[in-house]
Structures are given as C-alpha cells and as structure tokens.
Amino acid sequence: MIACNSEQNKKQVSKAPIVEDVIIKPIVIATWNTPIAVNEAAKVLESGGTALDAVEAGCRIEEANIDNQTVGIGALPDRDGNVTLDACIMDDKGNYGAVLCVENITHVVSVARKVMEETPHAILVGKGAEEFAVSEGFKREKLLSEKSKKAWENWKGTSKYQPIINIENHDTIGMLAVDKKGSISGACTTSGLAYKMRGRVGDSPVIGGGLFIDNEIGGAAATGLGEEVLKTVGSFLVVELMRQGKTPQEACKEAIKRIVSKPNSDYKNFQVAYIAVNKKGEIGGYSIHEWFSYNVYREGKTKNITSDYYLKT
Ligand code: ASP
C-alpha cells in the first residue's frame, strides 16, 4: 500500500496548470481552397479573438467575393434565375443559428449568427429570414452577377432541368476554428447546388448535416451533394465517431463509407467530402472523388491539403 503524504499532495495539486491559462495554438480548417478567407479567420484567432468571431469573419470574405459563384453575392442561381443562400453557425456552447433560402442578402453567415444570438429560434427561412436581416440593419442587394446570369442563360439552352453536382469544382465554405482557449466553433455558407429547384435547401445550413460542433469532442463540416450528407446526418456522424475514439481522419473516412455503402448508392456520380478537427488539434479530411482539397491554418501558415479519397482507380 502506498502511504499518502497529504502535505506533498497539496503541493502537487497547487502546481497543476490552470486549464484556462493554457494558450492553445489556433487552428482553422476549411473546405476547398479559399486561403484569403482562412487567413482572415486566422488573423482573428491570432489577435486573441474567439473561434466564433473567426469563422464568421472568414466566411464573410467569400460571401463578398463576387467571383465565387457558390457563395454569397455573385453565386449561381436556381433554375428559375433566383440566387438563394443558406448559412449556419455553431458555437462552443452548442448554440446554433441558421438561415435557409434567403434572397437579396450577401452576408447570410452573419444573419445566421443574429438568429442564434438575438432570437429564441434556431432557423429562419426565406422571406422571414430576409425581413429579419433587414430589421437587423443588413442591406438588400442584387446577388445575381452578370457572369452568373450568363452561365444560367447558357445552362437553360441545354439544361436537363435537374440539379447536377459538379464533382471537381465547389467553393461552399465549411469552416472550423479552434481559438487560443481551445474552444471550437464552425460556420457554413453556400448557394447550394447551381440550378437547383426553387426552394431547395441542402445540408450546409442544417445542424448535424453540413456542420456540427461539440466542444468536448471536436467539429466537422461537409461539402458536396447535400442530399446525401443529410441522409446520413454526416457532420454529426463524424463528431460522434470521434467521440467513440476515431481520429478526425478515420471519422471522415468512415462517414464517407456510410454513403458509398448504401444499397444502390450512385456515389460514382456525386461528390461528398468532410473535414474535421478534434480537441487535441488533430485534423482530417476525406472525399468520395479526387479533386477535393482543404485549407489548414496553424502556426502562422496556411496550407492547401489534397484530400485522400475513396474512388481510387
Ligand atoms: N453541400 C452544398 C449543398 O448541397 C453544396 C456544396 O457543397 O457544393 O447545398
């Protein structure tokens, strides 16, 4: 039996680090290749800002980028020519806010944050979300750019009138951040599928679909064909797999396996990808097809990482 020396014990206890004083090296991880957005989020973190402020600031960069045709102003419209945007945000306390199918407002990620912080609700949709945004001081803007209008007019010429996922080129942003206190938040912003049916919403703004955060475990975000992510509650699944002990990489891979191993899965014709970060600061990413990459910021550098993927020939 080991004798217990209480004096010695007290000393050991008082020497234990106070968790709140531990400074963590901030991390940002985001779908696809949007380094300017990631760097903006990193800037917030490095100056001591919260993960929540970081993901909002990062997403806003691409929402304002008129050349990014899958997020914010300048996005490709639905099949009837309307640009409708979806966004959500989730913080380290498990709070969540989202707006779905919003027209005429560029910074939907910030509207989602307002829903989370200023209303008793989690989701606002369509006109109601737009009116709420305006009441909060957001400007109505024309979102359809000349470039996207032309692309839509070309599409109408040959359209099959069904939403098509482009396997190789998306810019929907799912962004996760870990701040200096080690707290995790995430956000997602998108125009969804180009030429979708009017009113269609994918996974991106749906809790557990395009994004999920559990500050005890980690966070995950998705991109690709939202219908398939939703049917497996993909981002929630990734976080739950990490809770069961999988690394972020293993969890992303397993969540993709759930999609491709469904009976009659048409996975050869659509893309889905996940990114994840855990409480230890480990990261992961995995997709069905080649051509997915994600940006990671840590220790002063932003890198674009080519994802591992399921469909290797
Ligand atoms: N996940 C988005 C959606 O289905 C699309 C994308 O990531 O490209 O709305």
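Before reading further, recall that the structure is shown in the block above.
Described in the following lines is the structure provided in the data block. As the structure is a computational prediction, the values presented were derived from the model and not from experiment. (Residues numbered from 1 in each chain as written. Predicted model: local features only at pLDDT ≥ 70, side-chain atom pairs only at ≥ 80, totals over all residues. Heavy atoms only, no water.)

## Description of the overall build of the protein
In terms of helices and strands, the protein carries 9 helices and 13 strands. Within the protein, buried positions represent 54% of all 313 residues. Roughly 14,700 Å² of accessible area belongs to the protein as shown, and the carbon and sulfur atoms make up 51% of that amount. (Helix = DSSP H or I, 4+ residues; strand = E, 2+ residues; numbered from the N terminus. Buried < 20%, exposed > 50% of the residue type's maximum accessible area, 1.4 Å probe, protein only. Areas by Shrake-Rupley, 256 points an atom, 1.4 Å probe, with all protein chains shown as cover.)

## Regarding the nonpolar core
Ranked by size, the top nonpolar core spans 46 residues in total, and within it Leu 176, Val 238, Val 272, Tyr 274 and Ile 288 carry the most contacts. Membership of the second largest hydrophobic core comes to 42 residues, among which are Ala 37, Ile 89, Val 115 and Tyr 297. (Core = buried A, V, L, I, M, F, W, Y, C linked by side-chain atoms within 4.5 Å.)

## Remarks on the packing of aromatic side chains
Within this structure, the stated rule accounts for 5 aromatic pairs. Where Trp 32 meets Phe 292, the ring centres are 4.9 Å apart and the plane angle is 85°; that geometry is what we call edge-to-face. Separated by 260 residues along the polypeptide, Trp 32 in the loop between strand S1 (27-31) and helix H2 (35-46) and Phe 292 in the loop between strand S10 (283-287) and strand S11 (293-298) bring together distant segments of the chain. Looking at Trp 32, the relative accessible area reads 3%, which means it is buried. Counting every residue linked through ring pairs, the aromatic cluster contains Trp 32, Phe 292 and Tyr 294. Here the guanidinium or amino end of Lys 156 rests over the ring plane of Trp 152, the centre of that ring lying 3.9 Å away. One Lys or Arg, Lys 312, reaches over the ring of Tyr 309 and ends 5.5 Å from the middle of that ring. (Phe/Tyr/Trp six-rings, centres within 6.5 Å; stacked < 30°, edge-to-face > 60°. Lys NZ or Arg CZ within 6 Å of the ring centre and 35° of its normal.)

## A short note on the pattern of salt bridges
On inspection of all chains with the given rule, the structure shows 17 salt bridges. Two residues, Lys 93 and Asp 92, come together in a salt bridge whose shortest N-O distance is 3.5 Å. One connected set of salt bridges, linked through shared partners, spans Asp 53, Glu 56, Arg 113 and Glu 117. (Salt bridge = Lys/Arg side-chain N within 4 Å of Asp/Glu carboxyl O.)

## Structural notes on the sheet that holds S1
Strand order in this open sheet of 8 strands is S4-S3-S2-S6-S5-S1-S11-S12, and the pairing throughout is mixed. Looking along the sheet, the strands with just one partner apiece sit at the ends: strand S4 (123-125) and strand S12 (301-306). Taken over all neighbouring pairs, the strand axes of this sheet differ in orientation by 10° on average, direction set aside. As paired elements, strand S5 (residues 173-178) and strand S6 (residues 184-190) share 6 bridges and run antiparallel to each other. Looking across to S6, one finds that Leu 176 is bridged to Gly 186. Its contacts with the sheet place helix H5 (residues 126-135) against strand S3 (96-102) and S4, and it is angled at close to 105° to S4. (Pairing = 2+ DSSP bridges. Axes fitted to C-alpha atoms, helices over the stretch in contact; angles between N-to-C directions. Contact = heavy atoms within 4.5 Å.)

## A few points about the sheet that holds strand S9 (residues 272-278)
Reading across from one edge, S7-S8-S9-S10-S13 is the order of the 5 strands in this open sheet, with mixed pairing throughout. At either end of the open sheet lies a strand with only one pairing partner, and these are strand S7 (211-214) and strand S13 (308-309). Relative to S9, strand S8 (residues 218-224) runs antiparallel, the two sharing 7 bridges. Looking at the pairing, Gly 224 lines up with Val 272 of S9.

## Observations concerning the packing of helix H4 (residues 108-118) against H5
To characterise two packed helices, one gives the angle between the axes of the helices and the distance between these axes. Contact geometry of H4 with H5 gives a least axis separation of 10 Å together with a crossing angle of 85°. When the interaxial angle is binned, H4 and H5 end up roughly perpendicular. Together, Val 111, Lys 114 and Val 115 of H4 and Ala 129, Phe 132 and Ala 133 of H5 make up the contact between the two elements. (Parallel < 35°, antiparallel > 145°, perpendicular 65-115°, else oblique.)

## Points about H5
Buried residues of H5: Gly 126, Ala 129, Glu 130, Phe 132 and Ala 133, and no others. The arc that holds the buried residues of H5, viewed along the axis, is 160°, so those residues lie on one side. In H5, the exposed residues that point more than 90 degrees away from the buried face are Lys 127 and Ser 135. Residues of H5 that are buried sit in contact with S3, H4 and S4. Among the residues trailing H5, Gly 137 stands out with phi positive, at a value near 100°. (Arc of directions from axis to C-beta.)

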